[in-house]
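Here's the letter readout for the chains.
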Amino acid sequence: MTLEEATGEIKRMADLHGGKLKATTKFVLDGDTIFLDDTVSPTAVTNDDGDAECTIKMSLENFQKMMSGSLNPMMALMAGKMKIEGDKGVAMKLSGMF
């Protein structure tokens, strides 16, 4: 999976579930950034870096596994395959969008 494909997946997710998170989230995937701003309508998804209420760090490979359903977000967190910084409540809401 490329950064562009991952950005597309998050955009698709935002189009389906936008307005439910009401927060900003930054995904750092192998050092590249995807910024999700659900405080605006329509929800904005960019590759810009910015301050976010919650930052999720993981590899593109593990992100792809999570999006396909072969990696459970809670198991990824417990196994150290995903790290969460900032508001954990936002991350919990985000898990319902995946």
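Residues numbered from 1 in each chain as written. Predicted model: local features only at pLDDT ≥ 70, side-chain atom pairs only at ≥ 80, totals over all residues. Heavy atoms only, no water.

Draft legend 1. A look at the pattern of salt bridges. Under the counting rule described, the total for this entry stands at five salt bridges. With its nearest N and O atoms 2.9 Å apart, the salt bridge here joins Glu9 to Arg12. One end of the pair is Glu9 and the other is Arg12, both in helix α1 (residues 3–17) and three residues apart, which spans about a single turn. Since its relative accessible area comes to 23%, Glu9 is described here as partly exposed. Residue Asp49 is joined to Lys26 by a salt bridge in which the shortest nitrogen-to-oxygen separation is 2.9 Å. Pair noted here: Asp49 is in the loop between β3 (44–46) and β4 (54–58) and Lys26 is in strand β1 (residues 24–29), with a separation of 23 residues, a long-range link. (Salt bridge = Lys/Arg side-chain N within 4 Å of Asp/Glu carboxyl O. Helix = DSSP H or I, 4+ residues; strand = E, 2+ residues; numbered from the N terminus. Buried < 20%, exposed > 50% of the residue type's maximum accessible area, 1.4 Å probe, protein only.)

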